[in-house]
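# Chains, contacts and geometry: an overview
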Amino acid sequence: MQRQIPLMLCLVFGVFMIIQFFIPHPISTTAYEIVLRWVRIIAIFALVLGVGSLTMHHSNKIKRKVKGWQFSIITLIAAVITALVGLLGMNVVDGRLIFFAGIGRTSLLQTFFQNFYIPVNSTMFAMLAFYMASAAYRAFRARTKEATLLLIAAFFVMLGMVPIGSAISPRLPEFAEWILSVPNLAAKRGIMFGIALGAIATSLKIILGIERGWLGGGK
Amino acid sequence: MKIFQALAKIDRKIIFAILAVVIIVPLIKPLGIISRASNRAEAVFNAVDAIPPGKSLMISIDFDPGSQAELYPMLNAILRHAFAKDVKVILLGLWLTGMGLGEEALSITSQEYNKVYGEDYVFLGWRSGVLPVILGMGEDIKRTFPTDYYGQSLNDLPMMNDIRNYRDIPFFITLSAGDPGMNTWIAYAQSRYGLKMGAGTTAVSAADAYPFLQTGQLTGLLGGMKGASEYEFLVREKGYSQALTPASQAMDSQSLAHLLILILIVLGNIGFFFIRKTTAFKGEK
Amino acid sequence: MTLASSIWIWVGVFLTFCIFSFLYKDNPFYKFAEHLFVGVSVGYSISISYHNVLHPDLIVPLFKHGELLNIIPLIFGLCYFARFIPKVSWLVRLPMGLVLGFGAGAAIPAVLQANIIRQVQGAVLTPEIFQGWNFFVWALISLIGVICTVIYFYFSKERKKSTKFAAEIGIIFLMIGFGASFGYTVMARISLLIGRFQFLLRDWLGIIQ
């Protein structure tokens, strides 16, 4: 029962979604809208679960005094304060703090997002440019024919897709565009076929209960 | 020989410093390299331009601050274009952590054009689940988003009176930094409901969009910060906005940084081949 | 040059430098910013989830409008937490089964239509190919490229002469495709760095507009 019911649910909802796609009858459309609503609600619990797991992970680190546990305190304090600021709808209007005023442009949540979240998140990704420049110098070698082809294509795309490319020669952007819309398109379409067929096969295996990895261990 | 050996030993921190200089200097002293719009960007621009005043453009924020530099200028430029043309805007997002960016963009651009919330634009916010959100809006937007980002019922927003589902949306743009994003919208909204759509993507995924452009599943493409600069250029050229154009401002730095990377690759390879040749020669002896 | 007067800009600048300090080496400033980010991210997600989903989609319909049908997804959702109770941990499979079945069922027709049928049409039937000889040639090259790439990914049978040759052609197309993606990736990373420098030079130092 512990495996059969989940498998049955998977089969029923999978088959329903396929049938609904091909037969959009008013009855199936109503059921479809209900299912969409249910899945939306269920999905939010998965997110709550993720948040719970992360909180437990950091709490355990603090309890066990694992190396760097002090930083976990920062994480937990930041999480609690930000959540409170958001849930209580704290806003600063004309220098006054008011509660239950939503999460709009005057909210503290938006201020936290703009001044804590954005700088860190965007700098983390921006930093990769430095490592890429260093790797470009040390690692990108034309060791084989294939690697040479890759580098040549990259060379033209890098030069052709920025304004200096057209300043050097108007032919450069044209050639870069050709690379992108002929050989690149062919490669990406071939890869897409592979991924799509794989996705369909896996989906079918899940619906039919052949792929059961998601059930995990146990009975 | 010594030169190549010395080159091979350049400390990476020196490379970091050179890259920083190459980017910062053109921002302060622009070189003025002329940037033009590509056909792909013009296609997106024309599709937005063709929306009759009073009809709605839908935009999805499928990115977070990690891709802000590339996609946020696109969002601002598109919003300015739509507001200047009196096209109504429905903004939503599949990425929870992009909501703050949507809020910020709307608060800036709506003030520039004196647009009224609920009449000229609506911010639907975020809903969990991705597929039920995209598929649900194909049936009924108000049932998928009973309330907007601020918790207001959509029934109370006059702009939403005439809008039921994708059939009432003449054009849609996804600003996509990955998954969920462009591919998801194409598979579930474009294919199933025939939603006419364009995409603004990070440069990383721009090359993946070409098969969809060729089949017409995508009307046009804004690829990375260059794509954003092209849209900014078009919006400014047509006189829709005189606001700052951060992506266009960045193009000189972008050009020089690309040149630097190319020089680094070439230098690295010359050193590699030279050292390999000499080592092989010594080995033969 | 006019330095920013807002304290929040200075906070943003401090955090930006905390992260950049990793370029030198891992250090407590970086760790501080990283952990602060995770915490704010969790709190932000909780807040948006509550205001945008839990409140309007579950609490209001169920407790204010009495739409009892919403109890079903609520029960399914709560089953996720069964994983913390060993005796009933299998209950977590219920919402997973439902969501997986839903996703798989939705994906099959959608992927088939968007990524296979439309793409096959695009590979062989495009009105553009009649616009001129070059369009025809490019479409033909593209078609050959698609077929060879697919053959390259076919591993179920040993490659003989013709398929081996086709797979080798496939590699050429793949390498050009990867090269194009690589070129674009360089562009992306540089753009993000420019974005941060714009913040420092414009919002903080006031050197640029």
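Conventions and cut-offs
- Position labels on residues start from 1 in each chain and follow its written sequence.
- To read the labels, note that chains go from A and ligands from 1, taken in the order they are written.
- Note on the predicted model: pLDDT of at least 70 is required for a residue's local features to be given, and 80 or more for side-chain atom pairs to be given and counted; whole-chain, interface and lining totals, by contrast, use all residues.
- Domain segmentation is taken from an automatic or database assignment of domains.
- Along the chain, pLDDT gives the predictor's confidence residue by residue, from 0 to 100.
- Helical segments are the DSSP runs of H or I of at least four residues, strand segments are the runs of E of at least two, and each set is numbered from the N terminus.
- Whether a residue is buried, exposed or partly exposed is read from the other C-beta atoms within 10 Å of its own C-beta, which are placed from the backbone; 20 or more gives buried, 12 or fewer gives exposed, and intermediate counts give partly exposed.
- Pairing between two strands requires that DSSP report at least two bridges joining them.
- If the strands point away from the viewer and the path from the first strand over the helix to the second runs clockwise, then the crossover is right-handed.
- Each axis is a line fitted through C-alpha atoms, taken for helices only over the stretch in contact, and angles between the N-to-C directions span 0 to 180 degrees.
- Should an angle fall under 35 degrees it is called roughly parallel, over 145 degrees roughly antiparallel, and 65 to 115 degrees roughly perpendicular, with every other angle called oblique.
- Helix crossings fall into two classes, left-handed where the near helix is turned counterclockwise from the far one by less than a right angle and right-handed where it is turned clockwise.
- By definition, residues are in contact whenever their C-beta atoms, placed on the basis of the backbone, come within 7 Å of each other.
- Amino acids outside the nonpolar list (Ala, Val, Leu, Ile, Met, Phe, Trp, Tyr, Cys, Pro) and the charged list (Asp, Glu, Lys, Arg) are all regarded as polar, and Gly is one of them.

### Some details on the domain arrangement of chain A
Where the parts come together, the accessible area they lose is often given as the size of the interface. According to the domain assignment, chain A consists of domain 1 (1–67) and domain 2 (140–181). On a C-alpha basis, the centroid separation for the pair domain 1 of chain A and domain 2 of chain A is 44 Å.

### Points about the confidence of the model for chain C
Reading fine detail from the predicted coordinates is not recommended where pLDDT is low. Per-residue confidence for chain C gives a mean pLDDT of 93; residues scoring 70 or more make up 100%. Element-level mean pLDDT values for chain C span from 92 in helix α5 (residues 133–152) of chain C up to 97 in helix α1 (residues 7–20) of chain C.

### Let's talk about the pairing of strand β4 (residues 171–176) of chain B
Residues and elements named next belong to chain B. The element β4 is largely enclosed, with a buried count of six among its six residues. On β4, burial covers both faces: Phe171, Ile173 and Leu175 on one face and Phe172, Thr174 and Ser176 on the other are all buried. Relative to β4, strand β1 (residues 56–62) is paired through six bridges, and the arrangement is parallel. Its bridge partner being in β4, Ile59 is matched across the sheet by Ile173. Where β4 meets strand β5 (residues 197–201), five bridges bridge the pair, whose relative direction is parallel. Of the residues in β5, the one forming a bridge with Ser176 is Thr201. In terms of handedness, the path from β4 via helix α8 (residues 182–193) over to β5 forms a crossover that is right-handed.

### A few points about the packing of helix α2 (residues 12–28) of chain B against helix α6 (residues 161–204) of chain C
Between α2 of chain B and α6 of chain C, the shortest axis-to-axis distance is 10 Å and the interhelical angle comes to 50 degrees. Here α2 of chain B is positioned oblique relative to α6 of chain C, judged by the angle of their axes. Of the two possible hands of crossing, α2 of chain B and α6 of chain C adopt the one that is right-handed. Residues Ile23, Ile24, Leu27 and Ile28 of chain B of α2 of chain B pack against Leu193, Ile194, Phe197, Gln198 and Leu201 of chain C of α6 of chain C. Considered class by class, the residues forming the contact of α2 of chain B with α6 of chain C number eight nonpolar, one polar and no charged.

### A few points about the sheet that holds β4 of chain B
Residues and elements named next belong to chain B. Pairing in this open sheet of six strands is parallel, and the strands run β3-β2-β1-β4-β5-β6 from one edge to the other. Pairing within the sheet leaves two strands with one partner each, and these edge strands are β3 (121–126) and β6 (221–223). Here the average twist between neighbouring strands, direction ignored, is 15 degrees. Across the sheet, α8 lies against β1, β4 and β5, angled at about 170 degrees from β5, the strand it touches most.

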